[in-house]
Structures are given as structure tokens and as C-alpha cells.
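Here are the chains, one letter per residue:
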Amino acid sequence: MTGTVLKDLIVTANIVACDLADAGFSILPVKIVYPFDTEFGREIVSPFYFQEPMEFDLSHARKMLGVDFTMDQAEAALTRMGVASEALEGERIKAQIPPYRNDFLHQVDVIEDIMIGHGMGNFEPIMPSAFTVGRLTAQEEFARKTRDIMIGMGFQEMMYNYLGSKRDFIDKMELKGEEFIQIENPMTENYEFVRASILPNLLYSESVSAHAVYPHHIFETGKVAFLEPEDNSGTVTRSTLGFLSADGEIGFNEVSAHVSAVFYYLSREYKLEELEDPRFITGRSARIMCGGKQAGVFGEIHPLVLENWGIQVPCTCCEIDLDTIAAEG
């Protein structure tokens, strides 16, 4: 056998040895002398046992499994699972991990073996003390209503990943990115940031759709997340509606009409205020206010942003915080 991780290789050899022993073969030790230092030294006699015994409190097993196990019952259950055990003082048990297993990472793993060894059919069923009925949350019902409205207005629904790159989420949008959540250990730069806006996803779709017949009308209802120091977790997640229109004649009046229609069918009142946002053309964009709170933004996308995405036609975009306007109902 060969391998790149010594512990995994040793466990593999132990598994094969145990299987062959169960089949009636005799297992003879083999000494391996390495020309370099390993975590177990230069000489290892295989099969090699390196797992450390694991201790746990029987009261913890009783609490997790809901059964008042005795010491003998717990040890008998572990024996059925091939785990040798030893009773210690204070109702503690020391479990000797079998040489062919490396899945004992926590005392809960030993308690799981007690559960399996005891037998799932031997646990007495208990009726729940509380009765609940599964249903959609009010937020999800509101989002679905919004989705139906957008489809009725002729928009095509899209679905996107919540992770993306700094290049797409920040640089191409001409943003500073101070509110974006960055992944500490991303597998690739393409999934390094959590989106704080749906607009980059919509613009990406438009950037690869020049071959499709115009006008283009697309939308998504989904989650966005951003940094919020005042929140307990330091971040906030919101349900959001984002939609985009692209056409040679599209402009502020068209997207304003779409916003008006959305709020009309949702039975919500709103006001508009001036907006300074590098993503939009100044004077051709607006901030949506609902109940005295900012509920979204919309307008014509700035030519520099369109150039960053390689889009050749004018685009309008809107993003509405559904949680904010739902609370005003």
C-alpha cells in the first residue's frame, strides 16, 4: 500500500488486516523502516495501533439519548459495536477505539455507538409535547407574491449563486466594497465575497445575452447579506427583489413605471428621493422611501458600469428590500 497521509494509510492497512483475520487468515507483523522521520518515528510495525482512548461521562449519554443507561448496559452496547470499554470512577467510561476506525472525533461519537449497539428499535417512542403545522413564513409568502407580480409584468425569473468575485461584485460596479462580507478561506477568487446586491448578477446575465432579441426583462427574488456593526452577528441578511431591463430606448421613465406597478400591486405607498450612487447616472436615478426608511434604489445604469461589463445597450435596474416594505403592510 502507498499513500500521501500516514495516518490514513495505517488505518487502511488495519482495515485490510482485520478483514483478512475475520476471513480466517493469520496476520503477521511487518516492520517498515522509513528513510525519514514520521510522526510515529522511522520504524513502524504494521498493523499499527495509534488511536487514543476516549473518555466520556455516562450522564451525558443519558441526557442525549433519553434513556437511563446503567454502566453495564452502556458497556454491553459498546461491546456489540466492537468497542472495548472500561468503567472508571464517577460513572465515567474509557472507550478503546478499534484499530480499523478513525471516525471517533468527539465523545458524541462514542455515545452514537451506544445508541446503535442498544438497538434503535429498543428506544420507546415518545409523542411530542408540542404540535406544529408546517407552512410558509410570511416573508416567503410575500416574496412569492412579488415573484408572481414580476412574471405578470413580463419579466423572466433568474436564479444566481450568492457568492462571487471582488471583480464582479465591487470593481465592475465602481463600488468601494466596505459593506461586503469576504470569505476568509475561499476555494477560488470567483467565490470570495457574499453578494450585498443582486444587480451584479443581473448585469452579468445581460453581458452574455447580446444575441437574444431585445428588449430583455429579467428579475430575481433572493437573499443579500452585508456587514452591519450594530447587529449581534455583525452582519444582516435581507430578502430582496432585483430586476433589469435592457433595450435601445429604455430609460428612467420605464423603470419608474415598473416600480410604481410593483408597489401598487403590493398595496404599499412610497416616495422618491435624490440618489448619488456610482452605479447609476446622477439625475436619472432615485432612492425609494417606504415608511420613512430606504427601501430600494433604481435608475439608469452608468455608462462606465456598462462598459465594465461589456454591455452595448442602455440598462435600467432596480433593487427593493422586501423585508422593509413587507413590514409596512
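Look above for the structure.
Residues numbered from 1 in each chain as written. Predicted model: local features only at pLDDT ≥ 70, side-chain atom pairs only at ≥ 80, totals over all residues. Heavy atoms only, no water.

**A few points about the packing of helix α2 (residues 58-65) against helix α4 (residues 107-118)**
What counts, and what does not: Between N-to-C directions, angles span 0 to 180 degrees; the directions come from axes that are lines fitted to C-alpha atoms, helices contributing only their stretch in contact. Segments assigned H or I by DSSP are reported as helices when at least four residues long, segments assigned E as strands when at least two residues long, and all are numbered from the N terminus. We call a crossing left-handed when the near helix sits turned anticlockwise from the far one by less than a right angle, and right-handed when that turn is clockwise. In this description, contact between two residues means that some pair of their heavy atoms is separated by no more than 4.5 Å. Classification used: nonpolar for Ala, Val, Leu, Ile, Met, Phe, Trp, Tyr, Cys and Pro, charged for Asp, Glu, Lys and Arg, polar for all others including Gly.
Interaxial distance between α2 and α4 falls to 10 Å at its minimum, and their mutual angle equals 65°. As α2 packs across α4, the resulting crossing turns out to be right-handed. Counted together, H60, A61, M64 and L65 of α2 and Q107, V108, I111, I114 and M115 of α4 form the full contact between these two elements. Grouping the constituent residues of the contact of α2 with α4 by class yields 7 nonpolar, 2 polar and no charged.

**Structural notes on helix α1 (residues 6-22)**
Condition: In this scheme, a helix's expected span is set at 1.5 Å multiplied by one less than its residue total. Whether a residue is buried, partly exposed or exposed follows from its accessible area with a 1.4 Å probe, protein chains only, as a fraction of its type maximum: under 20%, in between, or over 50%, in that order.
For α1, built from 17 residues, the straight-helix expectation of 24 Å at 1.5 Å per residue is met to within 8% by its first-to-last C-alpha distance of 24 Å. Among the residues of α1, those classed as buried are L6, L9, I10, V11, A13, N14 and A17. Close packing links the buried residues of α1 with β2 (43-46). With its phi angle positive at about 105°, G24 sits one or two positions after the end of α1.

**Some words on the sheet that holds strand β12 (residues 271-274)**
Sheet strands associate in pairs through backbone hydrogen bonding, adopting either a parallel or an antiparallel arrangement. Here is the rule we go by: Pairing between two strands requires that DSSP report at least two bridges joining them.
Ordered in space as β6-β10-β11-β15-β14-β13-β12, the 7 strands form an open sheet in which the pairing is mixed. Every other strand in the sheet has two partners, leaving β6 (156-157) and β12 as the edge strands with one partner each. Sheet topology note: the strand β14 (residues 293-301)/strand β15 (residues 315-321) ladder contains 5 bridges and is antiparallel. Across the sheet, the residue bridging to F298 is C318, located in β15. Sitting on the sheet, helix α5 (residues 138-152) is in contact with β6, β10 (216-227) and β11 (235-246), with an inclination near 155° to β10.

**Side note on the layout of surface pockets**
Heads up, the condition is: Any residue with an atom within 4 Å of a point lines the site, the site being either a cavity, points on a 1 Å grid over the protein atoms alone where a 1.4 Å probe fits but cannot get out, or a pocket, an open set with protein on both sides within 12 Å along at least 5 of 7 lines. Grid points are joined across faces, edges and corners, and a volume is the space filled by probe spheres set on the points.
Within this model, the largest pocket holds a volume of roughly 580 Å³. Taken together, 22 residues form the lining of the largest pocket, with A196, R279, Q294, V297 and E319 sitting closest to its centre. At 4 residues, β14 tops the list of elements feeding residues into the lining of the largest pocket. Its residues assigned to classes, the lining of the largest pocket comprises 9 nonpolar, 5 polar and 8 charged. Taken together, 13 residues line the second largest pocket, and the ones lying closest to its centre are N161, L163, G164, D168 and N201.

**Description of the side chain of T240**
Its location among the elements puts T240 in strand β11. For T240, a relative accessible area of 4% translates into the label buried. If near-sequence neighbours (up to four positions away) are discounted, T240 is found in contact with I198, E220, T221, G222, V224, E319, I320 and L322.

**A few points about the environment of E274**
Structurally, E274 can be placed in strand β12. Note: C-alpha distance between E274 and S285 (11 residues apart in sequence) is 7.2 Å.

**Quick notes on the environment of M289**
Here M289 is to be found in strand β13 (residues 280-290). Considered as a pair, M289 and L272 are 17 residues apart in the sequence and their alpha carbons are 6.0 Å apart. In this structure, M289 is in contact with E269, Y270, K271, E273, Q294 and A295, ignoring residues within four places of it in sequence.

**So, the environment of H118**
Summarising the element assignment, H118 is placed in helix α4. Residue classification places H118 among the partly exposed residues on the basis of a relative accessible area of 22%. Separated by 42 residues in sequence, H118 and A76 place their C-alpha atoms 8.1 Å apart. Look past the residues within four positions of H118 in its chain and what remains in contact with it is F69, A77, R80 and F123.

**A short note on the pairing of β12**
Every other side chain in a regular strand lies on the same face of the sheet, so the side chains alternate between the two faces. Two strands pair when backbone bridges link them, and β12 and β13 are joined in this way by 4 bridges, in the antiparallel orientation. Bridge assignment links K271 to a residue of β13, and that residue is M289. What sits between the antiparallel neighbours β12 and β13 is a turn of 5 residues.

**Quick notes on the packing of aromatic side chains**
Rule in force here: Working definition: rings of Phe, Tyr and Trp (its six-membered ring) pair if their centres are within 6.5 Å, and the pair is stacked with planes under 30 degrees apart, edge-to-face with planes over 60 apart, and tilted otherwise.
Overall, the coordinates contain 8 aromatic pairs when judged by the stated rule. Aromatic side chains F155 and F243 sit 5.4 Å apart centroid to centroid with 70° between the ring planes, which places their arrangement in the edge-to-face category. Placement of the pair is F155 in the loop between α5 and β6 and F243 in strand β11, with a sequence separation of 88 residues. The exposure class of F155 is buried, given its relative accessible area of 4%. Aromatic pair F263 and Y270: ring centres 4.6 Å apart, planes at 40°, arrangement tilted.

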